[in-house]
Structure formats: structure tokens, C-alpha cells
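Architecture at a glance
As a plain string of letters, each chain reads:
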Protein chains: 2
Amino acid sequence: MNGHANGEVPSGMASSRGTPRVADGGGLAVDKAADFANYFCTYAFLYHQKEMLVDRVRMDAYFSSIFRNLKHFVGKTVLDVGTGSGILAIWAAQAGAKKVYAVEATAMARHARTLIAGNKLDHIVEVIEGSVEDITIPEKVDVIISEWMGYFLVRESMFDSVIYARDKWLKPDGIMYPSHARMWIAPVRTSILEQKQQEYEHAMADWNSFLQDTNLHYKVDMSCLSKPYKEEQQKYFLQTALWNSLYPNQIIGTPVIIKEFDCLTTTVEEVAAIRSSFKMHFYESQRKCSGFAGWFDVQFKGSPSNPADEEVELTTAPSAEETTHWGQQVFLLSPSVNLSAGDVLSCSLDITRSRQNHRLMDVKFVHQVERASGEVSPPITSPYAIE
Amino acid sequence: MNGHANGEVPSGMASSRGTPRVADGGGLAVDKAADFANYFCTYAFLYHQKEMLVDRVRMDAYFSSIFRNLKHFVGKTVLDVGTGSGILAIWAAQAGAKKVYAVEATAMARHARTLIAGNKLDHIVEVIEGSVEDITIPEKVDVIISEWMGYFLVRESMFDSVIYARDKWLKPDGIMYPSHARMWIAPVRTSILEQKQQEYEHAMADWNSFLQDTNLHYKVDMSCLSKPYKEEQQKYFLQTALWNSLYPNQIIGTPVIIKEFDCLTTTVEEVAAIRSSFKMHFYESQRKCSGFAGWFDVQFKGSPSNPADEEVELTTAPSAEETTHWGQQVFLLSPSVNLSAGDVLSCSLDITRSRQNHRLMDVKFVHQVERASGEVSPPITSPYAIE
């Protein structure tokens, strides 16, 4: 045996069959211990915190949103959900907050405490180690700040915890940082498609020679597993969303907003099952669509009754100048879609949570080509996993 | 946030603080759901099964041990603990077993069922999906076969399940396949030491420029986290056992057996905490020891009352001809040990289970240099994690 996860095996595919289930993740049973094993553990490494702390797009957006809107912080109470290293809590305190509650589920809480004391803010910032669902603070707060966004916004399902905190601890006239979030989709061209198709073909050729060897040397016929092996490899190479940092010129059509969230009012149900129908329009002279990309942006606008002095936006869209650690999620279309001038793609997208792990997502993409002639192709369904 | 585990973050570091604990792993509390998330899930991929099925050293040893000792199988009942794809159960049936119970905890059980039916052995082999600790079979068996060995033998702690099955389901005169196991240690030379030392230095230089940037751009002094960051990076680069397939000429001294197990009698306690004291003798003209390597071998000897017709051995020692997927585990000594002619290393090694994950190990290595002159250096303690 050798249970060491290697780079070739999809991660995060926890199974928790037959185990105690103690919480709820948008309608799916969640085991807390498995959730720690799968998810929270990553955030207990300073190395990982540093990766987020060197993301200048991320850092500048939060920094500007706070220090250009001091009125939201001076003399106020603040809750930081998932404080990690404590950076947002520190900035809130530096911006004039009266009191900051910094909640962190992992052992990173202890490093946050060190950092806060090292920056002489421990009289303002109180670090609380625990899940925000489990902890108690002595008052409702004026501001909830959190960096909860995962790949394609919703991966990790951490928005749930922010919503929970908002409903329990935010004053009726409180403000969310960020205040809004949007999910974007655009068609792309990428040579990753050909690369992954080749890797998949190679994996299947390798399987076929493995079948022969096993028959010859060990008297066992493995061919009856070819179908599930093929499905496993297809899922791995062609039906799993890929992290990529795209160049803007790889976007071959008009980006579409598929979902908008007002962080003051969004419910967990809205986040847990996202459905969108939309048209993809292509830029001129594009002849082939090899997939589509998903990304997000968030805005810091304050609230209707207490708007920001200066609105700030954090975008993870493809950019020639600035990239983020989030990059974009790329979903390949195999086979690719051949386009003629004037073609439009009529699409629907469903994003739901994986049954095995509520922090990962299943995606169902359906497209039909509407030709300029008026002809419409039959619908094609493509399933994906966001892992 | 971005909770995607990357290649730079040690894996398997699950925390299960504050969660229900339902079983026992050699004195440490174990949460079954976290255990599935961390460990069993890997084995549910055919890709991973295939990696083990193409390990010719592994396959040939089990194949030979079965088919050269038919008397142990003809007309007998067999229990396969952790059958995976079902390969050992199939061979046991092909060798003449009357009945084979093939137990598998993961969904791989369903593929095993397919493979067994595809090879027309479903009238002999019964696949049971569940942990061997939880399932029931209608009789005691003549043979327990299992491929339970992890890196450096004990990683994964799967031997526990085999011992459990033996005590519950093996007849008094039953046989274990394999029957014996041994753990080996030898001093090595490897350029990985210099590589990892450089990577560590680079990581710390990068941290120092990060400190300056964060001070300059974001008004936060991160220097109070330098000590824990340094510890985290040391642990990652220099104090974590490394998988390697060593060449025999990298072994610079006489290999030592640090532990032997008789699979018929070994207890979980013996496996869960291993302590060994030994001397390392170096081959002539070696001037530098950059670490030590650990590997294992297992033997198929039958039992005292029913010995094998032909004994078979499976070794994972460094070899010029044949490598295994287990390779060797390399433990670096930083700084390396400078040797003079006639020097001997007086060593002790403690291998215990990680508190965070009972399937991973903590290693404590203590060495003293005994000079030919009779002078003895002070003891130096090196901690390691097997992840």
C-alpha cells in the first residue's frame, strides 16, 4: 500500500460514508472532523498565509477599502471572520476601530495573537480561536470584514460562515466588507485543451498496455475495469476545472455576469445552488471555442444608508498587468466548439455542492449553438468538478 | 482565501480538535470521518490502484508467494485485508482457495467486485465493503493475506487492521501472508541535503524581503512571526522524511535491522512505538554522512507448523535493477556529519505516531560520534516527521 496522495490524484475527494454528521452545509450533511482534515488544516501554515499576503491585488483592495473609508471604522466595533494571520483585524484597528473581534478556526489564531501584540494592538483586537458558528462575542458589531472568497468565488463555501456571522452579530445598520460580489463567465481559447486531450489519450494507451501486461504476467483480465478507468481519467483530465492565469487576449467573447450577491442580504440557499441562463457572444473572427473561464470580483461600497466615501473593487479578471492567487477557473469543452461568423452560444450553468465535500462544487454546463442562419444545434451537457 | 492544498504545503496534517472521536489508533484518539478524508479516499481511485499494480517487485513477490506455496491455499479459506482492486483475493482463488473474503473500506470494493466477476471467481471470492474492524464473516480463516505496508513499513498504520483481523478471524494454526517484516536503516550520501538547505535559505531570504515589503506598503510589522515561520520552513525542508529511490552506492555504511516483526504474534503496541539503539559503521574512505535512509522487507515463510515450500522475500532496499513505489525514506542530517577513518555513530531512533494523524509518524533520531581515538561527541537530537 502507499496512501501518499500524489499530484496525479484529485485532492479533496473525502468520503465520509457511515460517519457521524454534526453540522449542515447548505442542505448537505457535514462532518466537522473531516472538514478540518480536508479544509481548515491548510490555513494553519504560515507559508500559505504568506501566499495570500503577497497577493498585491488582494492586499491593495482591502487596504484601500479600509483606509479610504475611515468613517466606517473610527470608533466602531468590527468582526473579522477567518482572520488568518490577523491582517484585516490589524488594519481595522489601525484605521481607528474601538474594538475588533478576530475569529479564526485554526491554530493560526495563535500566530495572529503574536502578530497583533507585536504591532501593539492587543488592547483593541481580541483573537478568538474557534469556528464563527461556535463562538460568542459580547456585542453586535458595526462592521463585518472577511476575505472569504474561493476559486470562482464560491469554492470553499466560506461565504456561509460570513452569512451566519452577519445574521447573528451584525447590527441592523451594519456594513459588510466587501459589500457585493459578482461571478463572471467568458468563452476562451487555450492550448490547455489539446494538452489535456493528449494527456488523457496517453493515460488510456498506458492503461491498454497495462491490461496486456497483467494478463500475460499475472493471469488476471483487467479489461472489465476499462470503463470506470476511462471515466475516472476523463473526469481528471477533461472534466475538472483548472486553475489558470489567463491573458486577456485568450478571452474570445463578451464576459457575462452570471450571479450577483448583495452581502447584506444574500442567503446560504442562494450561494449553495447557483443557476444561470445566458448567451455567449463571440468577438469577430473567432473560429473555435476551447472552453470557458469563471472568475469573480467583489466591491466595497458600504451600505445604502452609509455608503463608502470611495468605492473600491477587487477583481480577479484576466489582466495583462496584475494577477491574483485566485487566477481563473477554466472549464474545457472537449470536443471544442467550431464557430462560424455570427454564431451565439445559448448556455445554462448550474453550480451545486459536491455530495462528498460541501466545500467543493459540481458544475453542469449546457450549450447550444445558435447559427446566424437561425439553425440551433442540439443541447450538449458537460459536467465538471471544482476541486 | 484559497484553501487549495499546493505542492509546497505538507499534506495530511489534519487537525481534529473538538471533534467526535470514535476509535483508537494505538493509544491515540481517531476520528473515523477525518481518517476517511485523510487516508482511505486515496485508495478509491483506480489510478492509484494501478500505480501499485505496476510495481513489479511487489506484484512478483505476492504472486510467487502464492503460486509457489499452493498447499497454503488449495481448499483453504482466506481473508484479504484491504483488497483494493481485488488482485490478491483473485490469486488466492486461482491458487485453489475454497473461499476468499475480500474486505475493502473504500468504494474501490465495487470495482473489486467487477474485476472478480470479470475473472469468473465470484463463486469463490466475496467482497465485503467496510472496515475490517466493523465487518463480520461467518467463519475463521486458514490464511490472512494483506498488502498493508506503508513507507518505511509503518506509515499508514494499516498493520493495526491486519493484527485486529488476525486476532479475531485467524484460526489458531493459521498463516499470515506475509509472515515477517523488518525495518532497515543505513547512512547515506545524497545531494538532496545541499538542495534542501538551499531551498530553505531561499525561503528565509524571501521571508525577509516579504517583511520589508509588508512594513513599507501595509504598515504592518511581521517580524514577530519570523521564529515560527523559520520553524515551519525547517520542518518542511529539513525535518520531513523524503521519498527517494536511492542508488546502492549512496549507502555509505552497513545497513542495520532496527526492528523485526513476526506477523503471527506482533501486537499493535509494538508497532505503535518503536525504539531502537544501534551503531552505524561506515564503509572505508567515506568522509561525510548527509543523512540516513529507512526501508523495509517482508518475508513469506508460512508458519512454524506449516512452513512455506518456497520462501519468498519482498525487499524495498536500494537496488540498481529494481525499484518499488515505496522507494526509501531519507532523513537529512543538517548539518551533515564529518567523518574520520574509524568513526562510528552511536544512534537511537524513536518512531511514534503523530498526535494529529495516527497514520503519520514522528521520528526522533539521536546520534553521537565515537572517534577512533575513543573521544565521544555530545549527543545531537534530530526530529523528523513522516508525512
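Quick notes on the rules
- Residues numbered from 1 in each chain as written.
- Chains lettered and ligands numbered in written order.
- Predicted model: local features only at pLDDT ≥ 70, side-chain atom pairs only at ≥ 80, totals over all residues.
- Heavy atoms only, no water.
- pLDDT = per-residue confidence, 0-100.
- Contact = heavy atoms within 4.5 Å.
- Helix = DSSP H or I, 4+ residues; strand = E, 2+ residues; numbered from the N terminus.
- Polar contact = N/O pair within 3.5 Å; in protein donor to acceptor, adjacent residues only side chain to side chain.
- Buried < 20%, exposed > 50% of the residue type's maximum accessible area, 1.4 Å probe, protein only.
- Pairing = 2+ DSSP bridges.
- Axes fitted to C-alpha atoms, helices over the stretch in contact; angles between N-to-C directions.
- 1 Å grid on protein atoms, 1.4 Å probe; cavity = no way out; pocket = protein on both sides within 12 Å on 5 of 7 lines; lining within 4 Å.
- Points joined across faces, edges and corners; volume = space filled by probe spheres on them.
- Nonpolar A, V, L, I, M, F, W, Y, C, P; charged D, E, K, R; others polar.
- Parallel < 35°, antiparallel > 145°, perpendicular 65-115°, else oblique.
- Left-handed = near helix turned anticlockwise from the far one by under 90°.
- Domains from an automatic or database assignment.
- Buried area = accessible area lost by both parts, 1.4 Å probe.
- Salt bridge = Lys/Arg side-chain N within 4 Å of Asp/Glu carboxyl O.
- Expected span 1.5 Å × (residues − 1).

Residues and elements named next belong to chain A. Model confidence for chain A is summarised by a mean pLDDT of 91, while 92% of its residues fall at 70 or above. Note on residues 4-27: pLDDT is under 50 here. Beyond four places in sequence and across chains, it has 67 contacts. Here the complex is predicted with pTM 0.90, and the ipTM for its interfaces comes to 0.88.

Turning next to the environment of B:Arg182. Residue and element names in this part refer to chain B. By the secondary structure assignment, Arg 182 is in strand S8 (residues 180-188). Separated by 100 residues in sequence, Arg 182 and Gly 82 have C-alpha atoms that sit 21 Å apart. Beyond its immediate chain neighbours, meaning those up to four positions away, Arg 182 contacts Ile 257, Lys 259, Glu 260, Trp 295, Phe 296, Asp 297, Gln 299 and Glu 313. Polar side-chain contacts of Arg 182 include one of 3.4 Å to the side chain of Glu 313.

Turning to the side chain of B:Thr316, a few remarks are in order. Residue and element names in this part refer to chain B. Among the structural elements, Thr 316 can be located in the loop between strand S13 (306-315) and strand S14 (328-338). Judged by its relative accessible area of 1%, Thr 316 is buried. Of the polar contacts made by the side chain of Thr 316, one reaches the backbone oxygen of Phe 296; its length is 2.7 Å. When neighbours within four sequence positions are excluded, Thr 316 is seen to be in contact with Trp 295, Phe 296, Thr 324, Trp 326, Gly 327 and Gln 328.

For the rest of this paragraph, the subject is the sheet that holds strand S11 (residues 274-281) of chain A. All names here are of chain A. Here four strands make up an open sheet; going across it, the order is S11-S15-S16-S17 and the pairing antiparallel. For this open sheet the edge positions go to S11 and strand S17 (380-386), each flanked by a neighbour on one side alone. The average angle at which neighbouring strand axes cross in this sheet is 20°, direction not considered. Here strand S15 (residues 344-353) runs beside strand S16 (residues 361-370); their pairing, made up of 10 bridges, is antiparallel. Opposite Cys 347, over in S16, you have His 367 as the bridge partner.

Time to look at empty space enclosed by the protein. Residues and elements named next belong to chain B. With the rule as written, the count across this model stands at nine cavities of 30 Å³ or more. There is about 190 Å³ of room inside the largest cavity. Lining the largest cavity are 19 residues, with Phe 40, Gly 82, Glu 104, Ala 105 and Met 158 sitting closest to its centre. Taken together, the residues that form the lining of the largest cavity break down as nine nonpolar, seven polar and three charged.

All names here are of chain B. The geometry of helix H3 (residues 56-67) relative to helix H4 (residues 87-94) is characterised by a closest axis approach of 9 Å and an angle of 25° between their N-to-C directions. What the angle tells us is that H3 and H4 run roughly parallel. The crossing of H3 and H4 is right-handed. For the pair H3 and H4, the contacting residues are Met 59, Tyr 62, Phe 63, Ile 66 and Phe 67 in the first and Ile 87, Leu 88, Trp 91, Ala 92 and Gln 94 in the second. Its residues assigned to classes, the contact of H3 with H4 shows nine nonpolar, one polar and no charged.

Residues and elements named next belong to chain A. By domain assignment, chain A separates into domain 1 (21-179), domain 2 (183-189 + 242-386) and domain 3 (194-238). For domain 2 versus domain 3, the separation of C-alpha centres amounts to 32 Å. On the domain 3 side, the residues contacting the seven residues of domain 2 number six residues. Between domain 2 and domain 3, a total of about 460 Å² is buried, with carbon and sulfur atoms accounting for 55% of that surface. Per-residue buried area on domain 2 facing domain 3 is highest for Leu 242, Leu 332 and Ser 334; these three make up 63% of the total on that side. Where domain 2 touches domain 3, the interface holds one salt bridge. Between Lys 288 and Glu 194 there is a salt bridge; the shortest N-O distance is 2.6 Å. Here domain 2 is connected to domain 3 by two residue pairs in polar contact (both at pLDDT 80 or more). Residue assignment for the side of domain 2 that touches domain 3 shows that the elements contributing at least two residues are strand S14 (328-338) and S17. With three residues, the top contributor of residues to the side of domain 2 that touches domain 3 is S14.

Here we take up the pattern of salt bridges. Tallied over the entire structure, the rule returns 34 salt bridges over all chains. Measuring nitrogen to oxygen at the nearest pair gives 3.0 Å for the salt bridge that ties B:Arg68 to B:Glu310. Taken as a pair, B:Arg68 in the loop between H3 and strand S3 (77-81) and B:Glu310 in strand S13 lie far apart in primary sequence, 242 residues in all. Among the salt bridges present, the one from B:Glu126 reaches B:Lys99, with a minimum N-O distance of 3.0 Å. In this pair, B:Glu126 is assigned in strand S5 (residues 125-129) and B:Lys99 in strand S4 (residues 99-104), connecting sequence segments 27 residues apart. When salt bridges with common partners are traced through the structure, they connect A:Arg182, A:Asp297 and A:Glu313 into a single cluster.

Residues and elements named next belong to chain B. If you check helix H7 (residues 192-218), its first and last C-alpha atoms are 37 Å apart, about what 27 residues at 1.5 Å a residue would give, namely 39 Å. Along H7, the residues classified as buried are Ile 192, Leu 193, Lys 196, Tyr 200, Ala 203, Met 204, Trp 207, Phe 210, Leu 211, Thr 214 and Tyr 218. Of the residues flanking the end of H7, it is Lys 219, one or two places downstream, whose phi is positive at about 60°.

All names here are of chain A. What the five strands build is an open sheet, ordered S5-S4-S3-S6-S7; its pairing is parallel. The two strands at the open ends of the sheet, each matched to only one other strand, are strand S5 (125-129) and strand S7 (170-177). Recorded for the sheet is a direction-independent mean angle of 20° between the axes of neighbouring strands. Judged from the four bridges that link them, strand S6 (residues 141-146) and S7 form a sheet pairing that is parallel. Residue pairing in the sheet places Ile 144 in a bridge with Met 176 of S7. Strands in contact with helix H5 (residues 108-118) are strand S4 (99-104) and S5; relative to S5, the strand with the most contacts, it is inclined by about 170°.

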